[in-house]
Amino acid sequence: MSLTDTPMPLSMDVVERSDNRMVLSMGPQHPSTHGVLQVITEIEGETVVRAEPEIGYLHTGIEKSAENLFWTQASTVVERMDYLSPLSNAMAYVLGVEKLLGVTDLVPQRAQQLRILLCELSRIASHCVWLGTGGIDLGAISGFFYCFDLRERILDLNEFSGGARMHPNYLRIGGLRDDIPEGFLEKLDELIAMYYPRMRELRALLQKNPILQDRMIDVGILSAEDAIAWGVTGPSLRAAGVAYDVRKAFPYSGYEQLDFDIPTRTEGDAYARFLVRLDEMDESMSIIEQIRENLAGGPVMAADTKFAPPPKETIAVSMEALIHHFKYVSESFRVPPGDVYSPVEGPRGETGYYLVSNGDNRPWRVRTRPASLYNLQVLKKIAVGEFIADMVVMIGSLDPVFGEVDR
Amino acid sequence: MPSSQTPPAGATAVDPTAVRPPIDDARIIRTSPEQLRAELTALKNDGFTMLLDVGGVDYLERTPRFDVVYHLLGGITTAQPERVRVLCGVDGPEPTLPTVSDLWPSANWAEREVFDLFGIRFAGHPDLRRIQMPDEWVGHPLRKDYPLRGPALERTPRPSFALKSNVAAGTPAFGKTAAALQRQIVAARSHVPNGDDSVAAAHSGSDPGAAPTAGDASTTELAAEKNAARGGQLPKDGAK
């Protein structure tokens, strides 16, 4: 029986073998695992013969929680899954509920544009975390501060519009909770003005860095066939040469009216994934600028009080508004029976929500298609034959978020 | 006002997927466990090269009880990809489906998760272990008959002095345990041990010495009921 056929032991024991192979457990308490990931690796010398990621350390039962909340409340917990880009989760969820309600067309244009704007901002913020922590994994600590500075400014905007830095619950079924506050667009202009110089600095610091290039080029190569077979989406798929992006293939919320490119590479290694993400940040900023220029006026919440709360200022003066508000808050609304799959392009790939309603005011089932789970699973494939020291590079280049992997 | 902790009102005997509004999100195919492999193999040969997700749904009162949902994506390298959703009903005390992890390696973890959280087995899966929950966990949390806050197996019988407290239980109990606790609390507050009238008559005066004995007695009763609850109510898991 060959050694690779034997079941992987699940303990920290280093198993003595006669042929210099040993089993090494990395994580779950390891700074470069970007969360709580355990990778049980079988190594021969310094080469990985087999790697088995063990997940579940952050399982919090979010899907179960969401089933026990109102439709209006579940958007709060789904934001906790991909905590680096909460808005893309909320986006997929509210779009799905709107499809079930059949009210997609009733969402005002301004709300749709602002949703895209905020989602693209959170994509940049998420990639900032990936870039900063990915650099730290390789010993490049300076980039981290520049990245987190940029991210902090985006989180300031989140706080300014939604009231919270990370989980604003700003996207609601039917539109947005509130219009953006006065002064938001000026702050956004400041961000746009500082973004490009900052990215030039970051690229100069990291992209051309010979040490980082040495560590990333030809490491963790993922071919297009493997990426497709393993369900990899997002930048990791596009770095393998497949230009699949939900925003282009299945446009939602008005992405079809925007002019942007899908950056792709063909090498499929960690460096290609690195470059694709950097290019994606620029594309996101170009989308933000387009929306900034063409932002429509008008309301940000649908006017139908069957699924949307009445404007706050009417509650004190209108009996009907008060009743609608009370009903909205105390028992939410009923969603017609049915099921829907609602995908969006999150920073890590296709984030999809399979929602089932039985006609009640709570979802019967909220199933997330977690992009990180499938992206991380492929580590089993790409780690084989690489050096154990490159494991952190490969994990970093796949950019998993464990709130989403474990849910 | 319904609390956020109350479970959804009523299970669904109807099938939401059968009465869904016309939403253009994917082509939908419903199949049976016998046809599943053939159906998915044909789809894969038809160009649906990516298996995006495998998820489960528990409809509780419907027959078949569970749906396993396969989300497929085809024509991924073209400008117009296509989506297909394959729903497969599965039922029985040990619901089992054939694995597709040999067709798409992405199904490996997805099927493990469906097994872990719904208890649906996948015959032929190379490594069907729990993935999210601890290996020694009992029960499948996403089943609709699994309580939201867990089975509270770790609850120890409350000490007799706690029965005098006017603070209710720390961890919410459920089912028989909850009923037993409620009876205990009522009995302790009214100094009526076990709610038994004859004993109540004996101790109708305010005799403080009677309370610890009463507490012990009802604690034993609670333990007995808890054992019954463990045996009777919790889903058995023969996987480990």
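Because the structure is predicted, anything quoted here is derived from the model rather than measured.

Parameters and conventions
Residues numbered from 1 in each chain as written. Chains lettered and ligands numbered in written order. Predicted model: local features only at pLDDT ≥ 70, side-chain atom pairs only at ≥ 80, totals over all residues. Helix = DSSP H or I, 4+ residues; strand = E, 2+ residues; numbered from the N terminus. Buried ≥ 20, exposed ≤ 12 C-beta atoms within 10 Å, placed from the backbone. Contact = placed C-beta atoms within 7 Å. Nonpolar A, V, L, I, M, F, W, Y, C, P; charged D, E, K, R; others polar. Pairing = 2+ DSSP bridges. Axes fitted to C-alpha atoms, helices over the stretch in contact; angles between N-to-C directions. Core = buried A, V, L, I, M, F, W, Y, C linked by C-beta atoms within 7 Å. Parallel < 35°, antiparallel > 145°, perpendicular 65-115°, else oblique. pLDDT = per-residue confidence, 0-100. Left-handed = near helix turned anticlockwise from the far one by under 90°. Bend = angle between axes of the 7 residues up to and from the residue. Expected span 1.5 Å × (residues − 1).

A. Layout of the overall build of chain A. If you tally the helices and strands in chain A, you get 17 helices and 8 strands. Its C-alpha atoms put chain A at 80 × 45 × 35 Å along the principal axes. Counting only residues that meet the buried cut, chain A has 53% of its 407 residues in that class. Sequence separation of 24 or more characterises 68% of the internal contacts of chain A that already satisfy a separation of 6 or more.

B. Looking closely at the overall build of chain B. Helix and strand counts for chain B stand at 5 helices and 6 strands. Taken over 240 residues, chain B has a buried fraction of 32%. Contacts spanning at least 24 positions in sequence make up 59% of the contacts within chain B whose residues lie at least 6 apart.

C. Structural context of the interface of chain A and chain B. The partner chain B presents 40 residues to the 44 residues of chain A that form the contact. When residues of the side of chain A that touches chain B are traced back to their parent elements, those giving at least two are α1 (62–67), α8 (224–229), α13 (319–331), β6 (338–346), β7 (349–357), β8 (365–369) and α14 (371–377) of chain A. Classifying every residue of the side of chain A that touches chain B gives 17 nonpolar, 14 polar and 13 charged.

D. Structural context of the sheet that holds strand β4 (residues 82–90) of chain B. Residue and element names in this part refer to chain B. One open sheet accounts for 4 strands, arranged β1-β4-β3-β2; its pairing is mixed. Where the open sheet ends on each side, the last strands, each with one partner, are β1 (27–31) and β2 (50–58). In this sheet, neighbouring strand axes are inclined to one another by 20° on average, regardless of whether the strands run parallel or antiparallel. Two strands pair when backbone bridges link them, and β1 and β4 are joined in this way by 5 bridges, in the parallel orientation. Each residue of the ladder has a partner; that of Thr 31, found in β4, is Cys 88. In the packing of helix α1 (residues 33–45) onto the sheet, the strands contacted are β1, β3 (66–74) and β4, and the crossing angle to β4 comes to about 165°. Across the sheet, helix α2 (residues 107–118) is in contact with β2 and β3; its angle to β2 comes to roughly 5°.

E. Looking closely at the nonpolar core. Counting 146 residues, the largest nonpolar core has A:Ala74, A:Val78, A:Met91, A:Val97, A:Leu379, A:Met394 and B:Leu72 as the members making the most contacts within it. Setting aside its immediate chain neighbours within four residues, A:Val97 contacts A:Trp71, A:Ile173, A:Val335 and A:Leu355.

F. Region of the structure containing the packing of helix α4 (residues 109–137) of chain A against helix α16 (residues 391–398) of chain A. Residue and element names in this part refer to chain A. Across the interface, α4 lies against α16 with an axial gap of 9 Å and an inter-helix angle of 175°. Relative to α16, the element α4 is oriented roughly antiparallel. Taking contact as the criterion, the partners of Thr 133, Gly 134 and Asp 137 in α4 are, on α16, Val 392, Val 393 and Gly 396. Here the residues of the contact of α4 with α16 are counted per class, giving 2 nonpolar, 3 polar and 1 charged.

G. How the structure looks around the confidence of the model for chain A. Across chain A, pLDDT averages 87, with 95% of residues at or above 70. When the criterion is pLDDT under 50, residues 9–14 of chain A qualifies, and its contacts beyond four places in sequence or with other chains add up to 6 contacts.

H. A look at the sheet that holds strand β1 (residues 21–26) of chain A. Residue and element names in this part refer to chain A. Read from one edge to the other, the open sheet built from 3 strands follows the order β1-β2-β3, with strand pairing classed as antiparallel. On the outer flanks of this sheet lie β1 and β3 (47–54), each paired with one strand and no other. Put simply, the sheet's adjacent strands are angled 20° from each other on average, direction ignored. Inspection of the sheet shows strand β2 (residues 38–44) paired to β3 by 7 bridges, in the antiparallel sense. Residue pairing across strands places Ile 43 opposite Val 48, the latter belonging to β3.

I. The environment of A:Pro263, seen in detail. All names here are of chain A. Positionally, Pro 263 belongs in the loop between α10 (246–249) and α11 (270–294). The spacing of Pro 263 and Arg 362 is 99 residues in sequence and 39 Å in space, taken between C-alpha atoms. In this view, Pro 263 contacts Arg 238, Val 276, Asp 279, Glu 280 and Glu 283; residues no more than four positions away in its chain are not counted.

J. Broad picture of the packing of helix α6 (residues 184–207) of chain A against α11(A). Residue and element names in this part refer to chain A. Contact geometry of α6 with α11 gives a least axis separation of 11 Å together with a crossing angle of 165°. With respect to each other, α6 and α11 are oriented roughly antiparallel. Remark: the crossing between α6 and α11 carries left-handed chirality. Residue-level contacts link Leu 185, Leu 188, Ile 192, Tyr 195, Met 199, Arg 203 and Gln 207 of α6 to Leu 278, Met 281, Asp 282, Met 285, Ile 288, Glu 289 and Arg 292 of α11. Residue composition of the contact of α6 with α11, by class: 9 nonpolar, 1 polar and 4 charged.

K. Region of the structure containing the pairing of β6(A). Residue and element names in this part refer to chain A. Within β6, 9 of the 9 residues are buried, which leaves the element mostly enclosed by the surrounding structure. Of the two faces of β6, both are covered, the one formed by Gly 338, Val 340, Ser 342, Val 344 and Gly 346 as well as the one formed by Asp 339, Tyr 341, Pro 343 and Glu 345. Turn length for the β6-β7 hairpin, with the two strands adjacent in sequence and antiparallel, is 2 residues.

L. Looking closely at unusual backbone geometry. Of note, the amide linkage connecting B:Thr63 to B:Pro64 takes the cis form, showing an omega dihedral of -5°. The residue B:Pro64 is located in the loop between β2 and β3 in this model. Phi is positive for A:Asn169, close to 50°, though the residue is something other than glycine. The backbone of B:Leu60 shows a phi angle near 60°, a positive value even though the residue is not glycine. Within the secondary structure layout, B:Leu60 lies in the loop between β2 and β3.

M. Spatial organisation of the confidence of the model for chain B. Residue and element names in this part refer to chain B. For chain B, the mean per-residue pLDDT works out to 72, and 58% of the residues sit at or above 70. Note that pLDDT drops below 50 for residues 192–224; the model gives that stretch 36 contacts with residues more than four away or on any other chain. For the stretch residues 229–240, pLDDT sits under 50, and the model shows 15 contacts to residues farther than four places along the chain or on other chains. The ipTM for the predicted assembly is 0.87, set against a pTM of 0.80.

N. Quick look at α6(A). Residue and element names in this part refer to chain A. Of all bends in α6, the biggest is about 30°, found at Tyr 195, and the proline Pro 197 comes one to four residues later. Three or more residues of α6 are buried, namely Leu 188, Tyr 195, Leu 202 and Leu 206. Close packing links the buried residues of α6 with α4, α5 (142–162), α7 (210–216) and α11.

O. Up close: helix α3 (residues 86–101) of chain A. Residues and elements named next belong to chain A. A rise of 1.5 Å per residue sets the reference length of α3, with its 16 residues, at 22 Å; its end C-alpha atoms lie 23 Å apart and thus fit the reference within 8%. Burial within α3 is extensive, with 16 of its 16 residues counted as buried. Positive phi appears at Gly 102, one or two residues downstream of α3, with a value of about 75°.

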